[in-house]
Amino acid sequence: MTNAKVRHILDTIAGMYPDARCELDYGNAFELTIAVLLSAQCTDVTVNKVTKDLFGKYHAPADYIAVPREELEQDIRRIGLYRNKAKHIQSLCHLLIEQYGGEVPSVHDELVKLPGVGRKTANVVVSNAFDVPAIAVDTHVERVSKRLGLAAEDDSVLEVEKKLMKKVPKEEWTLTHHRLIFFGRYHCKAQSPNCQVCPLLDVCKEGKRRMKTSTVRRTRTSV
């Protein structure tokens, strides 16, 4: 893919979602880490509903480990995999206190050492809480990148991330991450993408295939 085509994609999505941002509610790096951990296989809307009360009750790592595991589980039970996530949260808080003075580290390689924190979560935290350029690849970013040809269909999540880092200017990494999420969440959806009104249909093989299939179906129906 040429630089011009990449620029066309980035500028088009930027025009559609100029104010794209992290939709999780948080007040500091610690709360963001907890929120992103909870968001795995769960919508941001649900996470925000849960953390509204959660962050009012727990303010620091010590607060999360001062209660029985069962109590924390009940506080987040509306979240998918809540038992496992409660375990990760308490383990994470223990480690923060024991090795990081109760503070969330700002370095990616340190963040991924925390229980329940993978590469994607670490990228979200460093980019949003510490202003370090990063591209976190979630399901939306992966889907959109592959549909638009920014990555290959059989690329792993890590390969998608590396390709985006090469093609997107570093100073745009974080913003591009948010815009790709918005584009995938609200326009280029998994099941019903808005191909018929998509301004990027000209560079999207997936969109062209879907539109062709749709046209064939309409033709057969009308015959």
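Our subject is the structure listed above.
First things first, this report covers the structure right here in the doc. Remember, predicted model here, so these are calculated numbers, not experimental data. (Residues numbered from 1 in each chain as written. Predicted model: local features only at pLDDT ≥ 70, side-chain atom pairs only at ≥ 80, totals over all residues. Heavy atoms only, no water.)

So, on to the nonpolar core. In globular proteins that are soluble, nonpolar side chains generally tend to be buried together. Core analysis: the biggest nonpolar cluster contains 39 residues, and Ile 34, Leu 54, Tyr 64, Ile 76, Ile 89 and Leu 92 have the highest contact counts within it. Those elements that place two or more of their residues in this core are α2 (29–38), α3 (44–57), α6 (82–99) and α8 (119–129). Residue contacts for Ile 76: discarding those within four places in its chain leaves Leu 38, Val 50, Leu 54, Tyr 82, Lys 85, Ala 86 and Ile 89. Core analysis: the second largest hydrophobic core is formed by 26 residues, Val 141, Leu 180, Phe 183 and Cys 198 among them. (Core = buried A, V, L, I, M, F, W, Y, C linked by side-chain atoms within 4.5 Å. Buried < 20%, exposed > 50% of the residue type's maximum accessible area, 1.4 Å probe, protein only. Helix = DSSP H or I, 4+ residues; strand = E, 2+ residues; numbered from the N terminus. Contact = heavy atoms within 4.5 Å.)

Attention now moves to empty space enclosed by the protein. This model, assessed by the stated rule, comprises two cavities of 30 Å³ or more. Here the largest cavity is characterised by a volume of approximately 80 Å³. If you trace the largest cavity, you find it lined by Arg 147, His 187, Cys 188, Pro 193, Asn 194, Cys 195, Cys 198, Leu 201, Cys 204, Glu 206, Gly 207 and Arg 210. Top element by residues in the lining of the largest cavity is helix α12 (residues 205–222). It accounts for three residues. (1 Å grid on protein atoms, 1.4 Å probe; cavity = no way out; pocket = protein on both sides within 12 Å on 5 of 7 lines; lining within 4 Å. Points joined across faces, edges and corners; volume = space filled by probe spheres on them.)

Attention shifts here to the packing of aromatic side chains. The description of two aromatic rings rests on the distance between their centres and on the angle between their planes. In this structure the tally under the stated criterion is four aromatic pairs. Note on Tyr 17 and Phe 182: the rings are 5.9 Å apart at their centroids and 70° apart in plane angle, and the pair reads as edge-to-face. Of this pair, Tyr 17 sits in the loop between α1 (3–16) and α2 while Phe 182 is found in helix α11 (residues 173–186), placing the two residues 165 residues apart along the sequence. For the pair formed by Tyr 17 and Phe 182, the shared burial category is buried. Following the ring pairs from residue to residue traces out a cluster consisting of Tyr 17, Phe 182 and Tyr 186. (Phe/Tyr/Trp six-rings, centres within 6.5 Å; stacked < 30°, edge-to-face > 60°.)

Residue Gln 41 is not a glycine yet carries a positive backbone phi of 55°. Mapped onto the fold, Gln 41 is located in the loop between α2 and α3. The exposure class of Gln 41 is exposed, given its relative accessible area of 74%.

Along the chain, Arg 179 turns up in helix α11. For the buried Arg 179, which has no salt bridge, the nearest side chain bearing the opposite charge is Glu 172, at an N-O separation of 5.6 Å. For Arg 179, the side chain forms a polar contact with the main-chain oxygen of Tyr 17, separated by 3.5 Å. Beyond its immediate sequence surroundings of up to four residues, Arg 179 is in contact with Ile 13, Ala 14, Tyr 17, Pro 18 and Ala 20. (Lys, Arg positive; Asp, Glu negative; His and termini not counted. Salt bridge = Lys/Arg side-chain N within 4 Å of Asp/Glu carboxyl O. Polar contact = N/O pair within 3.5 Å; in protein donor to acceptor, adjacent residues only side chain to side chain.)

Burial of α8 is extensive: eight of the eleven residues sit out of reach of the surface. Restricting attention to buried positions, one finds in α8 the residues Thr 121, Ala 122, Asn 123, Val 124, Val 125, Val 126, Ser 127 and Asn 128. Each element contacted by the buried residues of α8 is listed here: α2, α7 (108–111), α10 (157–167) and α11.

Applying the stated criterion to the full structure yields twelve salt bridges. Put simply, Lys 57 and Asp 75 hold a salt bridge, and the shortest N to O gap is 3.0 Å. Placement of the pair is Lys 57 in helix α3 and Asp 75 in helix α5 (residues 69–75), with a sequence separation of 18 residues. Across the pair Lys 146 and Glu 142 runs a salt bridge, and its minimum N-O distance is 2.9 Å. Here Lys 146 pairs with Glu 142, and both are found in helix α9 (residues 139–147), just four residues apart, close to one helical turn. If you follow the salt bridges from partner to partner, you end up with Arg 7, Asp 11 and Glu 172 in one network.

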